[in-house]
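One letter stands for each residue in the lines below.
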Amino acid sequence: MLGGMCGDGTAGTPCCGRGACGLFCCGCGGGCRNTPLRTTLPRVGEDELQTPLRSWPMLMAHDAATTYAKDGSCHKLHQVNNYAVTQPPGTLATLLDCGARALDLRPFMHKGTLVLHHGDVIFHTPLAEALQDLVGWANANPGELVIVMVANCNTDECSDATQDALTRMGIWQLDRDIRGTLGQALERGKLPGGGSVLWVNGKSRVQSNYEPDLGCYHLLDRRLVGADGRNASGEDRRLAGVILNIPQLSCYGSDHDRAQAMESMWKYFDATVNPRESPAEGMLWNMQMHWQYDSVQIAEGVARSSCIMQENSWSNLNRLVAERIRGLGESALLNLVEVDNICEHGQDIATALREHARRRASPGEFALKADAIVSLARASPCWSRTAAAVSVASFTLLVTFVVARVACRCTRTQFAMWSSYSDLSRAGSRSQQVGFDVLVPPQHDQSAKPLAGLPS
């Protein structure tokens, strides 16, 4: 394929081989990128089963149903798909193989048939068929929880039919039990075939954290028509794109342009994983790590003959997200992490999320690693000299303390003896008792009450 997108959702460069290709894109090393490589994630451990579901990190495929698009994307013959399709061609199982553990599904009632959609674009695959793909994958992967976020039904009839379809497949709703643990959710979602799937209302049970100002092309807007970027018509943008016809001033332009485009994305990332206020009770927490699109963004993308999948790939967004997650501390809040083009570095993001969950669930492992580092340091000559110096100083202090105690004790004894002998003529045998009282500490009063706030 000369340019465009490959079968696994990645950009052709210009061929769709996993390795170097020969003339006319033949003999590609590693085969063709027509299907994604299967993901093998670290298995869920016993400690991780106790993780609250609201802080269990899961990679989510944004507008997952677009994987069923009948026509290709990033092609001049199917321009409607260019800014509707967010996932590589395949099925829901394809996206799960690429690391997804949550799916953003948007049902649509079309002439009495329950299908799927993204905005105004309808994908005519029946919801029941998509759910069969999902359940088949889940049963083949027991121990992995999959959550389906259902939202944007077009009618009440659509909502009712969607719930019926999910129930017929044995997929139960995740509602108040969101407050439970991962282990409890796995049990709650258990299918007859062994898999675990639950569905959640995306409107009432997911905090979306939507941020519209995460566009790929806002830099060109600011250069041409001012800071707000909303004063140029679509025709102006088309002409500007044709005249410029360059990748600069975009999320995939020069290093400087990329850094500027990513600045707002990373601010959003940091604010979402470190929220100022606690997330709402009984809701999952979503972080939308993909470029956002409105009519302004789409017009400029069309002018550049681009598409959603291509912009994700060229900007290396998914790879950068994986790297960012690996650098997070244990306190960072990760739950649903939503991306486009999930088969490009989706495996890396999913693995980074699973490793983050393991760090949170097993802090003792890191304490052991810290002890090992200290042990290695103690084995060094520098540590040995330092330890010897500290030991000598400690011994000197100990000797000084003992001498001081002995001197103090002797002084008190002499004082007691002096008091005894001076009073001998007046008090008789009582003088010896005076010396005894000075040397022996007072006895603990068992009847005394403890201080407030301390244990009795």
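Scroll up to find the structure this text is about.
Reading the values: rules and limits
- Residue positions within a chain follow its written sequence, with the count starting from 1.
- In keeping with the model being predicted, local features are shown solely for residues with a pLDDT of at least 70 and side-chain atom pairs are shown and tallied solely at 80 or more, while totals for entire chains, interfaces and linings include all residues.
- Only heavy atoms go into the side-chain values, all of them from the structure, while hydrogens and water stay out.
- Being paired, for any two strands, means DSSP has found at least two bridges between them.
- Put simply, DSSP H or I for four residues or longer makes a helix, DSSP E for two residues or longer makes a strand, and each gets a number counted from the N terminus.
- Angles here are taken between N-to-C directions and fall from 0 to 180 degrees, while the axes themselves are lines fitted to C-alpha atoms, restricted in helices to the stretch in contact.
- Contacts were defined at the residue level, with two residues in contact if any of their heavy atoms lie within 4.5 Å.
- The distinction between a cavity and a pocket rests on a 1 Å grid over the protein atoms alone: a 1.4 Å probe fits inside a cavity but cannot get out, while a pocket stays open yet meets protein on both sides within 12 Å along at least five of seven lines, and a residue with an atom within 4 Å of a point counts as lining.
- Grid points are joined across faces, edges and corners, and a volume is the space filled by probe spheres set on the points.
- In this classification, the charged set is Asp, Glu, Lys and Arg, the nonpolar set is Ala, Val, Leu, Ile, Met, Phe, Trp, Tyr, Cys and Pro, and all remaining amino acids, among them Gly, are polar.
- Salt-bridge detection follows one rule: a side-chain nitrogen of Lys or Arg within 4 Å of a carboxyl oxygen of Asp or Glu.
- In this scheme, a residue with accessible area under 20% of its type's maximum is buried, one over 50% is exposed, and one in between is partly exposed, where area comes from a 1.4 Å probe on protein chains only.

Participant: Would you mind going over the sheet that holds strand β5 (residues 121-123) with me for this structure?
Facilitator: What links the strands of a sheet is backbone hydrogen bonding, and the strands pair in either a parallel or an antiparallel sense. Across the sheet, which stays open at both edges, the three strands sit in the order β3-β4-β5 with antiparallel pairing between neighbours. Each end of this open sheet is capped by a strand with a single partner; those strands are β3 (107-110) and β5. Strand-to-strand twist in this sheet, taken as the mean axis angle between neighbours without regard to direction, amounts to 50°. One ladder, built from four bridges, connects β3 with strand β4 (residues 113-118); its direction is antiparallel. Within β4, the residue paired with His110 across the bridge is Thr113. In the packing of helix α4 (residues 156-168) onto the sheet, the strands contacted are β3 and β4, and the crossing angle to β3 comes to about 120°.

Participant: It is not clear to me how the layout of surface pockets should be interpreted in this structure. Could you clarify?
Facilitator: Space left empty within the atom packing is revealed by a probe, the size of a water molecule, rolled over the atoms. Each pocket or cavity is described by its volume, and for the largest pocket that value is around 870 Å³. Taken together, 39 residues line the largest pocket, and the ones lying closest to its centre are Asp104, Arg106, Met149, Ala151 and Asn152. The set of elements that each furnish at least two residues to the lining of the largest pocket consists of β6 (145-150), α4, β8 (196-201), β10 (284-288) and α9 (295-303). With three residues, α4 is the single largest residue contributor to the lining of the largest pocket. Looking at the lining of the largest pocket residue by residue, the classes come out as 15 nonpolar, 17 polar and seven charged.

Participant: I keep staring at the pattern of salt bridges and nothing clicks. Help me out?
Facilitator: If the charged atoms of two oppositely charged side chains come close together, the side chains can form a pair. Scanning the entire structure with this criterion turns up 14 salt bridges. A salt bridge links Asp104 to Arg106; the nearest nitrogen and oxygen atoms lie 2.9 Å apart. Classification of Asp104 by relative accessible area gives buried; the value is 1%. Under the relative-accessibility criterion, Arg106 is labelled buried at 17%. Here Glu144 and Arg354 are joined by a salt bridge, their closest N and O atoms 3.1 Å apart. Linking Glu144 in the loop between α3 (127-140) and β6 with Arg354 in helix α12 (residues 346-361), this pair joins segments that are 210 residues apart in sequence.

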